Amino acid sequence: MTALLVVLATLAFVVYGLERNHHRHARFGSRLAGSHDVDDRDLARVSTELHGAADHAAPAPARVAARLSVRSV
């Protein structure tokens, strides 16, 4: 019975401390405040690289026919 009371008291103090800390820091405003209309340079770079890789990796039709005839022999 005493152990249960000690655990409940400890849990109550932890919850009280967490709530007190939360309320002390909540009034300073949101940390996510700021502008959101920025240019995403990573998105532009990745899309350019993917388009370049797709154009580079696409084999010419003549090469595909030559590869198929060599492999079938």
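Worth saying up front: this structure is predicted, and the values here are computed from it rather than measured.

A. Molecular detail of the overall build of the chain. Looking only at helices and strands, the chain features three helices and zero strands. Across the chain, helices and strands are ordered from the amino to the carboxyl terminus as α-α-α. Looking at the chain residue by residue over its 73 residues, the buried ones come to 0%. Surface summary for the chain: the accessible area is close to 7400 Å², and the carbon and sulfur share equals 64%.

B. The arrangement of the pattern of salt bridges in detail. Considering all chains together, one arrives at two salt bridges under this definition. In this structure, D42 engages R45 in a salt bridge whose closest nitrogen and oxygen atoms are separated by 3.8 Å. Pair noted here: D42 and R45 are both in helix α2 (residues 41–57), with a separation of three residues, about one helical turn. R45 gets classed as partly exposed once you look at its relative accessible area, which sits at 42%. In this structure, E49 engages R45 in a salt bridge whose closest nitrogen and oxygen atoms are separated by 3.4 Å. On the criterion of helical spacing, the pair formed by E49 and R45 is a turn pair, its members being four residues apart in helix α2.

C. Structural context of the confidence of the model for the chain. Here the chain averages 75 in pLDDT, and 55% of its residues register 70 or above. The least confident element of the chain is helix α3 (residues 61–72), whose mean pLDDT is 55; the most confident is helix α1 (residues 2–25), at 89.

Parameters and conventions
Residues numbered from 1 in each chain as written. Predicted model: local features only at pLDDT ≥ 70, side-chain atom pairs only at ≥ 80, totals over all residues. Heavy atoms only, no water. Helix = DSSP H or I, 4+ residues; strand = E, 2+ residues; numbered from the N terminus. Buried < 20%, exposed > 50% of the residue type's maximum accessible area, 1.4 Å probe, protein only. Areas by Shrake-Rupley, 256 points an atom, 1.4 Å probe, with all protein chains shown as cover. Salt bridge = Lys/Arg side-chain N within 4 Å of Asp/Glu carboxyl O. pLDDT = per-residue confidence, 0-100.

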